[in-house]
Amino acid sequence: MDDYPILEMKNIQKAFPGVLANDNISLEIRRGEVHALLGENGAGKTTLMNILFGIYHPDHGEILINGKKTFIHSPQDAINEKIGMVQQHFALVPSFTVAENVILGLKNFGFIIKTKQVEQQIKELGERYSLPVRPKARVWTLSVGERQRIEILKLLYTGANILILDEPTAVLTPQETRQLFSAIRKLVKEGSSVIFISHKLDEVLEISDRISVLRNGKNTGTLNREEVDRRTLVQRMVGRDVLMDQEKPKVEPGPVKIEVKDLTVKNDKGLTAVNNLSLEIHGGEILGIAGVAGNGQKELAEAIYGLRPIETGKIQMAGEDLHHRSIKKRIQSGLSFIPQDRKSIATCPNLSVMFNIFMKNTIPGLKKSSAWNIQIKQMHEKTRELIRNFSISTPSSKTRVRYLSGGNLQKVVLARELSSNPSVIIAEHPTRGLDIGAMEFVYQALLEEKKKGSAILLLAGELYEIFRLSDRVAVIYEGEVMGYTPPDPSYTEKIGFMMAGTREDSIHEN
Amino acid sequence: MNDALSFIVATLHATVRAGTPLLFAVLGTIFTERSGIMNLGLEGIMLIGAIGGFVVSYNTSNLLLAILVAMIAGAILGLVHAFFTVTLKINQIVSGLAITMLGSGISGLWGKDYIGVVAERFETISIPLLSDIPVIGRILFQHDLLVYISLLAVPLMWFFIYKTRGGMTLRAVGEAPEAADARGINVFFIRYLYTIIGGSITAIGGAYLSLAYNSMWIENMTAGRGWIAIALVLFATWDPYKALLGAYLFGGITALGLRMQAVGTHIPPDFLKMLPYLLTIVVLFFTSTDTLKRKVGAPATLGVPYSREDRT
Ligand SMILES: Nc1ncnc2c1ncn2[C@@H]1O[C@H](COP(=O)(O)OP(=O)(O)OP(=O)(O)O)[C@@H](O)[C@H]1O
Ligand SMILES: [Mg+2]
């Protein structure tokens with residue numbers, strides 16, 4: 001075999017209006033390695049990979065595969081070069097079956113689709129790499145974890161040997177991440193190379209052989225796994241130390257700010273998602289809800305905010321029933337919502353940062369805009385201030401938010417939701433996809449609100465996050481609270497049992 | 001055969017004839033919209049097909065050549081629509097309306113010298129044996145060539161869309177273009193292709209009016225059929241079989257109106273003529289796009305231009 005690295009990217013440059021997303025980046029990938037790509041939100045990781053996969057075209061720079069200069073103009077070219085990519089956002093056709101998604105666009109199939117053989121092959125491939133899927137299932141019925149597995153099987157099926165995984169673990173449960181990692185290990189043993197993007201440093205340290213850190217569109221250098229630890233990586237990414245694991249501020253709990261009583265809510269499919277659930281949160285308290293995704297967390301949040309009709313039960317804020325109150329009224333009485341889906345619910349992609357921040361028009365201390373009179377000047381000033389305070393990286397306050405990276409989009413949402421002095425905050429996966437700095441920032445912002453006396457309902461996937469922030473942990477299973485624990489890692493096992501559907505009281509008996 | 005039965009049989013026979021131009025237009029547009037391009041230019045495309053076909057038929061008496069020219073004319077308008085919407089990313093509704101105006105303008109101009117003349121038309125071909133079946137034979141198997149073609153097209157198209165690789169690509173492009181793109185499918189090419197094919201099939205519907213339903217050219221002879229077809233595409237939820245149902249339902253209303261007028265009822269004729277349009281409103285009311293789009297499998301990106309570097 002030749003000695004060339006399997007892939008080299010040289011002096012890649014890519015500018016978007018107002019940002020230099022990739023600034024003269026060079027990257028070398030060796031055969032059979034897991035190469036992690038780290039960097040803050042907006043550092044240019046996805047852009048670089050999109051260039052490699054032919055989705056974007058670089059302004060200049062070149063790509064060498066096995067030492068040979070190669071032009072990649074479209075994903076088709078990339079696929080021909082045995083490059084495969086799992087995008088940061090799913091690229092699946094919801095109404096197709098798993099098998100159909102896998103063979104979509106592949107040329108070596110007859111005119112008439114015969115999926116039988118393919119289904120068998122996918123099944124075998126899945127078993128071989130321990131990525132179980134059901135080839136006949138329609139994608140829209142599947143969980144995010146299963147969808148992620150399909151994305152990876154898609155690559156394996158085409159025989160890709162350079163695999164780009166752009167934040168594949170952001171939506172996975174810990175068990176699913178384990179599965180993915182064992183598949184990755186198997187792949188590199190067989191000689192494939194994997195480019196792995198993640199914001200979770202522990203994962204990066206666990207799986208990768210070498211690590212490149214991008215910062216402001218530049219490659220700060222490639223390091224061997226042995227040479228680094230958490231701290232050096234953070235410093236490289238952010239350019240400074242990030243204070244972590246600070247003490248939670250002690251706050252004397254105030255009166256009950258929000259109370260949910262015997263709430264029952266249905267999901268989109270018409271099945272019961274929240275089942276006779278009750279909880280209450282005091283002012284200055286954070287209640288963390290732990291549970292496997294899809295156990296009613298989303299529906300609970302939407303019901304409280306008023307996006308989803310409730311079947312039975314009651315929701316009270318400061319003693320007042322919210323039933324029949326419009327969302328607007330709820331917002332005015334101090335309810336804030338940080339939704340999981342920041343693209344479709346939380347923001348208007350085509351509006352500017354400023355209009356997204358002022359969408360709710362509830363920031364106190366400012367003159368209110370009316371239908372006839374928009375306080376543009378004052379809005380500009382306030383937006384600039386918030387951009388500074390929340391360190392949102394955007395070319396200007398007039399930039400459409402669709403052009404922001406995931407992390408910065410989330411900061412825009414936070415800026416809006418937290419600057420209205422909320423008394424109750426529903427935070428659903430508030431740090432999903434955020435880099436360490438931003439994550440720490442969100443934690444500080446939420447703890448700050450807690451200090452000011454807000455009641456916060458935290459729905460998060462990561463136990464780490466729940467322990468880090470909450471005062472109490474409620475474990476949810478099939479829409480019911482199985483029990484409460486203190487926010488301490490020593491309760492992890494107990495929480496695990498409850499997440500699987502065992503009630504707190506029956507754990508004691510055993 | 002008693003009177004009532006013969007009235008019913010004659011009405012059903014006329015239903016098929018009146019439904020055929022709609023069926024072509026709906027089938028063509030199902031292709032276009034499956035790829036994610038909304039086309040409101042049907043009326044214009046049908047008109048251009050009608051006049052294009054008629055001119056050739058009048059001058060050469062060659063009906064197959066006439067259909068071919070009609071299809072080319074429709075394909076050209078489809079190409080224009082694709083250029084506007086795929087390449088220039090102009091609002092698809094606006095482009096569609098422009099196509100309608102363009103089509104009806106050109107057809108009016110082109111057809112000025114052909115008003116009042118008669119040309120060759122598709123003759124009835126009775127299918128041996130099948131046409132002898134009582135009742136059914138008369139209703140379904142005593143028609144012209146185009147009717148048979150449209151009837152064959154329905155299952156073929158269904159098979160193509162749901163069972164072949166080409167159909168899979170088409171559906172993927174309409175439903176999740178970024179997924180298709182990531183798999184190396186050329187989204188722009190597919191959208192061009194099916195907007196052009198859709199235009200040419202729609203134009204056959206127009207040609208049917210001037211070469212089979214009638215054998216002459218009348219200005220604006222589509223009389224709103226293009227708009228009805230747009231509503232029918234929604235009604236059919238982009239499914240060829242339901243398109244057949246919808247087209248014949250409307251054909252039936254039209255035929256019934258005409259028949260009733262012929263036998264002389266007390267219902268005012270203007271009301272009978274109005275029926276198809278009234279039904280269109282009812283159909284639109286019950287199948288508003290929003291509810292349809294939520295169903296899985298509908299072209300989710302209908303009306304939305306695709307661009308790689310634009311984040312969504
Ligand atoms: N299509 C686009 N148009 C305009 N600007 C863009 C586009 N894509 C990316 N950018 C900008 O380029 C920069 C790099 O974005 P990129 O998505 O590569 O970041 P990232 O490192 O993947 O961040 P994240 O961790 O949030 O995913 C950001 O400032 C982003 O706003
Ligand atoms: Mg990214």
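The residue numbering used here restarts from 1 in each chain and proceeds along that chain's sequence as written. Lettering of chains starts at A and numbering of ligands starts at 1, both following the order in which they are written. For this predicted model, a pLDDT threshold of at least 70 governs which residues receive local features, and a threshold of 80 or more governs which side-chain atom pairs are given and counted, while totals over whole chains, interfaces and linings are taken from all residues. Computation of side-chain values covers all heavy atoms of the structure but excludes hydrogens and water.

Turning our attention to the overall build of chain A. A count of helical and extended segments in chain A gives 18 helices and 20 strands. We compute the radius of gyration from the C-alpha atoms alone; for a globule the expected value is 2.2 Å times N to the 0.38, where N is the number of residues. Here the C-alpha atoms of chain A give a radius of gyration of 24 Å, agreeing with the 24 Å that 2.2 N^0.38 yields for 510 residues. Over its C-alpha atoms, taken along the principal directions, chain A stretches across nearly 75 × 60 × 50 Å. The cut-offs for exposure are 20% and 50% of the maximum accessible area for each residue type, with area from a 1.4 Å probe on protein chains only; residues under the lower value are buried, those over the upper are exposed, and the others partly exposed. Of all 510 residues assigned to chain A, the portion counted as buried reaches 55%. Taking contacts inside chain A between residues at least 6 apart in sequence as the whole, the part at least 24 apart equals 66%. About 22400 Å² of surface is accessible on chain A, with carbon and sulfur atoms providing 50% of the total. Runs of E in the DSSP output that reach at least two residues are strands. Runs of H or I that reach at least four are helices, and both are numbered from the N terminus. Any two residues whose heavy atoms approach within 4.5 Å at even a single point are treated as in contact. Using the Shrake-Rupley algorithm and a 1.4 Å probe, accessible areas are obtained, with residue cover drawn only from the displayed protein chains.

Our next topic: the overall build of chain B. Along the backbone of chain B there are 13 helices and 2 strands. What you see for chain B is a C-alpha radius of gyration of 20 Å, in line with the 20 Å of a compact globule of 312 residues. Over its C-alpha atoms, taken along the principal directions, chain B stretches across nearly 65 × 40 × 40 Å. Residue burial in chain B is summarised as follows: out of 312 residues, 54% are buried. In chain B, 78% of the contacts between residues at least 6 apart in sequence involve partners at least 24 apart. By element, 70% of the accessible surface of chain B is carried by carbon and sulfur atoms, the whole surface being about 13300 Å². The distance from the centre of the 20 positive side-chain charges to the centre of the 17 negative ones in chain B is 7 Å. Residues scored as positive are Lys and Arg, those scored as negative are Asp and Glu, and His as well as the terminal groups of each chain are ignored. Charge positions come from single atoms, namely NZ of Lys, CZ of Arg, CG of Asp or CD of Glu.

Further remarks concern the interface of chain B and chain A. Interface size is often expressed as the accessible area that is lost when the parts come together. Chain B puts 27 residues into the contact, and the matching count from chain A is 41 residues. Criterion for a salt bridge: a side-chain nitrogen of Lys or Arg within 4 Å of a carboxyl oxygen of Asp or Glu. Where chain B packs against chain A, one counts 0 salt bridges. As used in this structure description, the phrase polar contact means that two N or O atoms lie within 3.5 Å; if the pair is within protein, one of them must be able to donate a hydrogen and the other to accept it, and residues adjacent in sequence are counted only when both atoms belong to side chains. Taken together, the links from chain B to chain A amount to 6 residue pairs in polar contact (both at pLDDT 80 or more). Sorting the residues of the side of chain B that touches chain A by element identifies helix 6 (145-163), helix 7 (165-175) and helix 8 (177-182) of chain B as the ones contributing at least two each. Among the elements that take part in the side of chain B that touches chain A, helix 7 of chain B stands out by supplying 6 residues, more than any other.

With that settled, consider the packing of aromatic side chains. Only Phe, Tyr and Trp rings are paired, with Trp represented by its six-membered ring, and only when their centres lie within 6.5 Å; those with planes under 30 degrees apart are stacked, over 60 edge-to-face, the remainder tilted. Counted by the stated rule, this structure contains 14 aromatic pairs over all chains. Consider the rings of Phe16(A) and Tyr56(A), whose centres lie 5.3 Å apart with planes at 75 degrees: the pair is edge-to-face. One end of the pair, Phe16(A), is in strand 1 (residues 7-16); the other, Tyr56(A), is in the loop between helix 1 (45-52) and strand 4 (60-65), with 40 residues separating them in the sequence. On the basis of an interplanar angle of 90 degrees and a centroid distance of 6.3 Å, the ring pair of Phe54(B) and Tyr114(B) is categorised as edge-to-face.

Before going further, it helps to examine the pattern of salt bridges. All names here are of chain A. In total, this model carries 30 salt bridges over all chains according to the counting rule given. Two residues, Arg-210 and Glu-28, come together in a salt bridge whose shortest N-O distance is 3.5 Å. Taken together, the positions of Arg-210 in strand 9 (residues 210-215) and Glu-28 in strand 2 (residues 19-29) put the pair 182 residues apart, joining distant regions of the chain. Between Glu-302 and Arg-308 there is a salt bridge; the shortest N-O distance is 2.8 Å.

This next bit is on the coordination of the magnesium ion (ligand 2). Residue and element names in this part refer to chain A. Donor atoms are limited to N, O and S found within 2.8 Å of the metal ion, a distance that becomes 3.2 Å for Na, K and Ca. With water left out, some sites might look partial. Bound to the magnesium ion (ligand 2) are the protein donor atoms Thr-46 (OG1) and Gln-88 (OE1), situated 1.9 to 2.2 Å from the metal. With Thr-46 in helix 1 and Gln-88 in the loop between strand 6 (83-86) and helix 3 (98-103), this residue pair connects regions lying 42 residues apart in the sequence. Owing to a relative accessible area of 29%, Gln-88 belongs among the partly exposed residues under this scheme.

Buried Ala, Val, Leu, Ile, Met, Phe, Trp, Tyr and Cys residues form a nonpolar core when they are joined through side-chain atoms within 4.5 Å. Of all hydrophobic cores here, the largest spans 157 residues; its most connected members are Met49(A) and Leu52(A). With 45 residues, the next largest nonpolar core counts Ala346(A), Ala438(A), Tyr443(A) and Ile495(A) among its residues.

Being paired, for any two strands, means DSSP has found at least two bridges between them. Of the strand pairs in this sheet, strand 1 of chain A and strand 2 of chain A are connected by 7 bridges, and their pairing is antiparallel. Its bridge partner being in strand 2 of chain A, Ile12(A) is matched across the sheet by Ile25(A).

Looking now at the sheet that holds strand 2 of chain A. Residue and element names in this part refer to chain A. With respect to topology, 4 strands assemble into an open sheet ordered 2-1-4-5, the strand pairing being antiparallel. Only two strands of the sheet have a single neighbouring strand rather than two, namely strand 2 and strand 5 (68-70). Put simply, the sheet's adjacent strands are angled 30 degrees from each other on average, direction ignored. A fitted line through C-alpha atoms represents every axis, and for helices the fit uses only the stretch in contact; the resulting angles, taken between N-to-C directions, go from 0 to 180 degrees. The strands touched by helix 1 are strand 1, strand 2 and strand 4; relative to strand 1, the strand with the most contacts, the crossing angle is about 115 degrees.

Residues and elements named next belong to chain A. Secondary-structure assignment places Asp-166 in strand 7 (residues 162-166). The class of Asp-166 is buried, set by a relative accessible area of 0%. Linking Asp-166 and His-89, residues 77 residues apart in sequence, is a C-alpha distance of 8.6 Å. With near-sequence residues (within four places) excluded, Asp-166 lies in contact with Thr-46, Met-85, Val-86, Gln-87, Gln-88 and Ile-197. Within the local environment of Asp-166, its side chain forms a polar contact with the side chain of Thr-46, the two groups lying 2.8 Å apart.

Glancing now at the pairing of strand 4 of chain A. Residues and elements named next belong to chain A. With 5 bridges joining them, strand 1 and strand 4 adopt antiparallel strand pairing. Bridge pairing in strand 4 places Leu-7 opposite Ile-65. Looking at chain direction, strand 4 and strand 5 are connected through 3 bridges and run antiparallel. Pairing of Ile-63 across the sheet is with Thr-70, part of strand 5. What sits between the antiparallel neighbours strand 4 and strand 5 is a turn of 2 residues, in which Asn-66 has the positive phi angle 50 degrees.

All names here are of chain A. The end-to-end C-alpha distance of helix 5 (residues 144-157) is 20 Å, a good match for the 20 Å that 14 residues give at a rise of 1.5 Å each. In terms of residue burial, helix 5 counts as a mostly covered element, since 12 of its 14 residues are buried. Burial in helix 5 covers these residues: Gly-145, Glu-146, Gln-148, Arg-149, Ile-150, Glu-151, Ile-152, Leu-153, Lys-154, Leu-155, Leu-156 and Tyr-157. Those residues of helix 5 hidden inside the fold are in contact with strand 6, helix 3, helix 4 (116-128), strand 7 and helix 6 (174-189). For a helix, the expected span equals 1.5 Å multiplied by the residue count minus one.

Residue and element names in this part refer to chain A. Where each domain begins and ends is defined by an automated method or by a domain database. Its domain assignment divides chain A into domain 1 (5-238) and domain 2 (256-509). Here domain 1 and domain 2 have C-alpha centroids that lie 31 Å from each other. Summed over the shared surface of domain 1 and domain 2, the result is 1 salt bridge. A salt bridge links Lys-200 to Glu-462; the shortest N-O distance between them is 2.8 Å. At the junction of domain 1 with domain 2, the criterion picks out 3 residue pairs in polar contact (both at pLDDT 80 or more). Here the side of domain 1 that touches domain 2 gets 3 residues from one element, more than from any other, and that element is helix 8 (residues 230-238). Under the grouping applied here, Gly and all other residues not named as nonpolar or charged are polar, the nonpolar ones being Ala, Val, Leu, Ile, Met, Phe, Trp, Tyr, Cys and Pro and the charged ones Asp, Glu, Lys and Arg. Among the residues making up the side of domain 1 that touches domain 2, the classes are represented as 8 nonpolar, 6 polar and 4 charged.

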